[in-house]
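Remarks on the overall topology
Single-letter residue listing:
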Protein chains: 4
Amino acid sequence: MIVIMKSGSPEAEIARLSQEFSSSWGLTSQKIVGKHKVVIGLVGNTATLDPLQLQELSPWIEQVLRVEKPFKQVSRAFHHGEASEVVVPTPNGPVHFGENHPLVVVAGPCSVENEEMIVETARRVKAAGAKFLRGGAYKPRTSPYAFQGHGESALGLLAAAREATGLGIITELMDAADLEKLAEVADIIQIGARNMQNFSLLKKVGAQNKPILLKRGMAATIEEWLMAAEYLLAAGNPNVILCERGIRTFDQQYSRNTLDLSVIPVLRSLTHLPIMIDPSHGTGKAEYVPSMAMAAIAAGTDSLMIEVHPNPAKALSDGPQSLTPERFDCLMQELSIIGKAMNRWPQPVPVLV
Amino acid sequence: MIVIMKSGSPEAEIARLSQEFSSSWGLTSQKIVGKHKVVIGLVGNTATLDPLQLQELSPWIEQVLRVEKPFKQVSRAFHHGEASEVVVPTPNGPVHFGENHPLVVVAGPCSVENEEMIVETARRVKAAGAKFLRGGAYKPRTSPYAFQGHGESALGLLAAAREATGLGIITELMDAADLEKLAEVADIIQIGARNMQNFSLLKKVGAQNKPILLKRGMAATIEEWLMAAEYLLAAGNPNVILCERGIRTFDQQYSRNTLDLSVIPVLRSLTHLPIMIDPSHGTGKAEYVPSMAMAAIAAGTDSLMIEVHPNPAKALSDGPQSLTPERFDCLMQELSIIGKAMNRWPQPVPVLV
Amino acid sequence: MIVIMKSGSPEAEIARLSQEFSSSWGLTSQKIVGKHKVVIGLVGNTATLDPLQLQELSPWIEQVLRVEKPFKQVSRAFHHGEASEVVVPTPNGPVHFGENHPLVVVAGPCSVENEEMIVETARRVKAAGAKFLRGGAYKPRTSPYAFQGHGESALGLLAAAREATGLGIITELMDAADLEKLAEVADIIQIGARNMQNFSLLKKVGAQNKPILLKRGMAATIEEWLMAAEYLLAAGNPNVILCERGIRTFDQQYSRNTLDLSVIPVLRSLTHLPIMIDPSHGTGKAEYVPSMAMAAIAAGTDSLMIEVHPNPAKALSDGPQSLTPERFDCLMQELSIIGKAMNRWPQPVPVLV
Amino acid sequence: MIVIMKSGSPEAEIARLSQEFSSSWGLTSQKIVGKHKVVIGLVGNTATLDPLQLQELSPWIEQVLRVEKPFKQVSRAFHHGEASEVVVPTPNGPVHFGENHPLVVVAGPCSVENEEMIVETARRVKAAGAKFLRGGAYKPRTSPYAFQGHGESALGLLAAAREATGLGIITELMDAADLEKLAEVADIIQIGARNMQNFSLLKKVGAQNKPILLKRGMAATIEEWLMAAEYLLAAGNPNVILCERGIRTFDQQYSRNTLDLSVIPVLRSLTHLPIMIDPSHGTGKAEYVPSMAMAAIAAGTDSLMIEVHPNPAKALSDGPQSLTPERFDCLMQELSIIGKAMNRWPQPVPVLV
């Protein structure tokens with residue numbers, strides 16, 4: 001921690017502060033006297049100190065800068081510089097998420113509509129190579145008058161799709177009161193973008209055992225996102241996957257959000273946790289999904305989440321951000337080319353005769 | 001609702017869509033045939049329709065535009081173009097928030113630290129003219145390792161301050177599980193910026209009777225903010241105050257957030273709900289608070305929330321965004337000049353002898 | 001300047017760097033050895049050093065932080081902590097812009113349309129109390145097909161309005177090739193938001209004598225804005241006024257830009273230059289202009305720029321961001337209330353009989 | 001163009017407007033009467049109309065929406081739905097930029113420092129497969145005190161590098177006064193991000209013959225960027241390449257800008273112009289460049305611009321965003337894997353014996 005004093009700070013005040021850093025926090029002060037300003041370096045256990053809290057100590061403090069990162073358990077250094085893996089048991093066997101494993105594809109509809117629809121979608125995305133089915137039972141909606149998801153009954157439909165296909169299930173938790181029954185069905189519990197800093201929810205979901213998918217908030221900095229993940233690890237659950245889903249910027253005319261693919265190399269250098277990219281929410285338009293999915297693989301993502309929605313009765317339908325199963329089949333072929341070039345494509349399982 | 005078709009859309013598809021709008025939603029279609037594009041106007045009950053849902057009906061749809069606003073109960077029109085008022089009972093008597101009432105000042109520390117501190121602060125801010133004491137029992141903190149508030153015990157201290165001074169209490173609810181005990185102490189329940197779109201929490205707090213202060217999310221559009229308020233009204237609670245506390249922009253070097261004072265005239269034209277401005281979080285620095293508080297009054301705010309923190313043991317202390325009681329006294333004098341010029345300053349209560 | 005080394009930086013590399021700082025830039029290095037990291041404080045003449053340039057010196061450097069501000073002549077300290085004033089001669093006498101002078105109001109249309117219109121507008125805004133007429137001869141337009149201003153002929157019309165009313169003229173320079181003829185008419189030369197970092201233009205306009213109004217770029221940080229002003233002062237022209245006109249954020253639905261009034265206290269603490277606020281471009285809607293103009297005065301602005309457009313033939317017309325002369329008259333009455341409360345309203349000049 | 005009237009608009013006003021649309025602009029009005037609002041569709045030649053201009057016609061107009069795109073010559077439709085190509089003659093032969101051509105790599109230092117440095121860099125990047133050398137003679141710098149480029153003398157050094165290697169030259173034009181001498185050396189003239197809306201410069205550079213690289217402004221919407229390109233085509237120069245170089249968002253801590261790769265599919269659908277991606281400025285850190293360059297190819301970019309800086313005297317040097325020639329060699333190997341998978345990698349030229 002570095003404390004920059006304002007020009008003209010009295011010597012006595014600097015001495016008082018050094019004394020206080022020592023007596024209140026056991027920190028050693030080292031002083032650098034510049035032409036106009038004095039800078040105090042604090043040596044000791046500063047990781048849990050809040051720069052704003054230190055700044056309150058004196059009106060002569062201009063700025064307090066953190067030299068160490070504020071996160072610990074999620075940091076790459078905490079895992080000795082290595083990537084960690086999140087292993088998720090599914091009926092079809094364990095699936096590994098991580099830098100040293102093949103790309104994992106998650107696919108499915110925005111929300112669970114009915115049994116036929118969800119089971120059929122599950123079959124189609126499984127056939128195309130997905131390992132997980134996504135689908136919302138509880139849906140965060142901007143409007144109180146919009147469809148809020150079928151709730152508990154949709155959980156039953158997800159269970160049916162899981163049984164029919166053996167796919168793992170990813171579904172969003174919005175309310176801690178639903179945690180127990182949701183965890184019975186979900187293989188991975190999703191915390192949505194709007195709840196990324198719902199710290200009460202993070203503490204509760206971090207205290208249970210199912211792996212967690214933590215979506216980045218719409219205007220969350222990378223550091224805030226990692227700190228939200230730190231809440232989960234600090235609560236006891238190390239099985240966390242980070243999912244980028246587009247951030248909010250000044251331009252929303254063509255692409256609804258701005259998919260921030262540079263998080264891939266940035267997160268790789270900062271954390272050991274596996275990375276997922278969601279190009280469907282990231283762009284908001286089906287036609288932009290394929291190229292962003294390709295780019296995500298080339299940039300090194302560990303997994304992809306792609307919205308797929310069947311619409312047998314309305315053959316012309318496209319949906320603003322969902323792919324049809326046919327387009328998804330086709331996309332998986334395209335992705336396999338990049339996936340193989342990157343050595344991240346799953347090997348076909350040999351069929352025993 | 002207006003549906004813009006892509007150039008070259010087949011006539012048959014436009015006919016099919018018109019048929020579908022009619023049969024599925026009972027909407028009448030009116031067609032405008034332009035040089036390159038056809039535009040379909042939908043007439044009927046479109047308020048609860050989701051533009052994205054309509055867009056899924058055909059790949060030939062370029063865009064769906066909402067002509068009506070998506071919010072209803074919070075809209076100014078719903079209140080016949082008039083401002084509403086929120087009347088909050090406090091031990092010192094009812095306090096009225098609204099466009100036709102004097103400015104209400106809320107003041108107090110970020111978090112409740114101990115009894116002496118909170119009672120003393122309450123006394124000081126009351127003497128200066130505040131009607132409510134703010135103070136956090138549960139604190140949303142970016143880091144799991146930072147002080148999370150004293151929780152339930154702090155609620156007791158707020159009750160003590162309320163009893164000692166007669167001020168109303170505003171404190172933040174982060175977890176629905178704490179609602180009951182928090183509502184015993186709070187006269188106004190605050191929903192913080194990070195929970196503005198925690199829809200589960202909104203539904204629950206909207207279903208109880210205490211007035212609610214809804215802070216704007218850090219990157220929430222005005223429309224999303226009003227829709228969050230709509231959740232509260234739709235759940236049954238009409239006593240909602242909207243609080244602007246700074247938004248996140250590209251520049252965070254000097255002012256931590258960008259206080260968006262233009263929400264005042266914008267909200268005034270859109271909604272009947274009372275408005276509060278929080279220049280302390282809005283700027284993040286005590287020295288910028290006074291001029292932003294002055295500006296907020298001149299722009300027409302109904303109330304102000306200002307952080308005040310006593311620090312008797314550390315006389316030099318200033319705090320990055322909290323005012324000392326002395327500076328707050330002084331600020332109230334300055335505010336009274338603008339408040340009187342705007343005819344929004346409370347009349348001194350005549351003292352009976 | 002502070003150099004933070006990565007964890008595990010070799011001692012030899014730190015020694016090599018200290019040697020290089022000394023031999024290449026004559027800087028003394030002071031080392032703080034923390035638990036994990038070493039921090040080097042550089043003492044000496046660091047004002048013109050570029051942190052990025054220093055960072056290139058070693059791959060072991062994690063970050064280089066500037067302790068001193070990068071601007072000099074525009075800094076408040078450069079003017080001994082006092083506000084400066086910009087005195088602009090006009091036919092009606094000198095007008096003073098600055099913290100210790102009454103508020104100066106600039107008004108007029110977006111662009112100069114014809115002589116009758118501009119002279120009539122000048123008369124109306126003068127009668128209401130404006131000291132300067134604004135009006136564009138050269139207009140920056142997003143589309144090459146949109147009206148680009150009447151150019152040189154419009155300059156003649158501005159000269160006519162100046163002669164008819166004695167008002168000072170503010171008009172925008174887009175091309176250094178037009179500087180000479182524009183400077184013949186303009187009393188203040190405006191550099192628009194889109195050219196705030198057109199450094200070639202800044203150097204040329206800074207090298208002439210007319211006062212300059214420097215509008216903030218749509219996504220310019222306060223520091224970048226001050227550095228653009230520094231270009232002007234470094235080129236020799238100290239008569240610079242800074243004009244905030246709204247920044248670009250994620251929400252553009254109701255207010256076209258976000259008027260950042262917190263620049264007023266921030267600039268006050270950083271620079272001695274006078275401040276102008278433009279609520280017309282800042283909000284993009286006439287109905288939001290009055291409350292933002294009131295707020296700007298309460299926050300301490302030195303001047304206001306307000307769009308006024310007469311439209312006698314179309315009596316119903318309002319214009320999205322322009323006020324009619326009638327509304328402007330009325331606004332000036334409202335502003336005088338706040339202006340007087342702030343002691344910033346011009347005294348009426350006694351009329352000699 | 002669609003005009004949405006406010007609730008309660010008088011019939012007479014709607015009739016007056018329709019009359020005015022017809023008499024002033026020759027537009028036919030078609031009316032849709034909804035439950036609360038009337039919508040007017042304008043049919044005719046609306047492409048060059050400004051929505052804001054229309055909105056000024058009546059205070060009863062709530063909003064004016066453009067149905068047609070505001071750009072014409074840059075639109076994909078203008079080129080019959082096909083991609084265009086920009087062919088640039090270089091000493092080594094013509095280089096083709098476009099969707100149906102192999103990826104073109106541009107590399108070189110931020111600024112031209114001296115002859116040895118620039119010629120050596122040119123040799124190295126040519127050997128690795130680059131077709132163009134980039135290097136700044138005139139440098140836009142935030143600070144007037146920072147190195148502004150060697151100017152005209154640097155142009156001579158670029159000419160020397162061109163002669164020595166046969167590479168094409170890309171260098172930035174900041175001032176129209178330098179156009180002639182810069183065009184003697186440059187094979188492609190770069191307009192930088194800060195000048196994207198310097199319309200005077202766009203008109204002048206659009207009126208000459210050399211191909212133009214138009215960088216996206218830091219906070220420019222895609223539509224503004226395309227309109228800036230429209231200025232160039234409208235001025236007569238069809239050889240324009242669009243370069244994304246990172247946009248400004250709320251998070252600048254790890255990646256300096258946010259590289260917006262979703263522009264690739266968006267631009268592909270909107271325009272026929274070739275696309276370049278600059279991951280060096282886009283991220284601001286050399287270590288993030290490789291994965292973003294890979295991603296750009298997978299997303300379908302037509303070319304890449306990568307900063308390479310040799311530093312033979314300081315072997316440890318890395319530079320915050322520049323690659324060493326060695327790292328660039330290595331990167332080109334990595335890129336070839338993705339480039340080949342995408343069928344966008346240049347075939348080796350057969351050597352004739």
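Residues numbered from 1 in each chain as written. Chains lettered and ligands numbered in written order. Predicted model: local features only at pLDDT ≥ 70, side-chain atom pairs only at ≥ 80, totals over all residues. Heavy atoms only, no water.

1. Structural notes on the sheet that holds strand E4 (residues 61-65) of chain A
All names here are of chain A. One open sheet accounts for 4 strands, arranged E2-E3-E1-E4; its pairing is antiparallel. Of all the strands in the sheet, just strand E2 (28-33) and E4 have a single pairing partner and so form its edges. Here the average twist between neighbouring strands, direction ignored, is 20°. Note that strand E1 (residues 2-5) and E4 share 4 bridges and pair antiparallel. The residue bridging Ile-4 from the neighbouring strand is Gln-63, located in E4. Sheet strands touched by helix H1 (residues 11-25): E1, E2, strand E3 (38-43) and E4. Its angle to E3, the strand with the most contacts, is close to 10°. (Pairing = 2+ DSSP bridges. Helix = DSSP H or I, 4+ residues; strand = E, 2+ residues; numbered from the N terminus. Axes fitted to C-alpha atoms, helices over the stretch in contact; angles between N-to-C directions. Contact = heavy atoms within 4.5 Å.)

2. As for the interface of chain D and chain A
Taken together, the contacts link 38 residues of chain D with 38 residues of chain A. Here chain D packs against chain A, burying approximately 2,900 Å² in sum over the two surfaces, 71% of which is carbon and sulfur. The largest share of the area that chain D buries against chain A comes from Phe250(D), Tyr254(D) and Tyr288(D), three residues that together contribute 21% of it. Across the contact surface, chain D and chain A share 2 salt bridges. In this structure, Asp251(D) and Arg216(A) form a salt bridge, with 3.8 Å as the shortest nitrogen-oxygen distance. Between the two partners, chain D and chain A, sit 6 residue pairs in polar contact (both at pLDDT 80 or more). At the level of elements, helix H7 (222-234), helix H8 (263-270), helix H10 (289-299) and helix H11 (325-341) of chain D are the ones that each hand at least two residues to the side of chain D that touches chain A. In terms of residues, the side of chain D that touches chain A owes the most to one element, H10(D), which gives 6 residues. (Buried area = accessible area lost by both parts, 1.4 Å probe. Salt bridge = Lys/Arg side-chain N within 4 Å of Asp/Glu carboxyl O. Polar contact = N/O pair within 3.5 Å; in protein donor to acceptor, adjacent residues only side chain to side chain.)

3. Points about the relation of the copies chain A and chain B
Once chain A has been moved 0.0 Å along the axis and rotated by 180°, it coincides with chain B to within an RMSD of 0.1 Å. On the angle and the small slide along the axis, the relation comes out as a two-fold axis. Residue Ala219(A) of chain A places its C-alpha closer to the rotation axis than any other residue of that unit, at 3.0 Å. (Least-squares fit on C-alpha atoms with pLDDT ≥ 70 in both.)

4. Here we look at the relation of the copies chain D and chain A
Least-squares fitting of chain D to chain A yields an RMSD of 0.1 Å, with the transformation described by 0.0 Å of translation along the axis and a rotation of 180°. When the interface residues of chain D are mapped onto chain A, 100% of them again lie at the interface, so the same face is used by both copies.

5. Let's talk about unusual backbone geometry
Residues and elements named next belong to chain C. In this structure, Asn-343 takes a positive phi of about 60° despite not being glycine. Mapped onto the elements of the fold, Asn-343 is located in the segment after helix H11 (325-341). What makes Asn-343 exposed here is its relative accessible area of 70%. (Buried < 20%, exposed > 50% of the residue type's maximum accessible area, 1.4 Å probe, protein only.)

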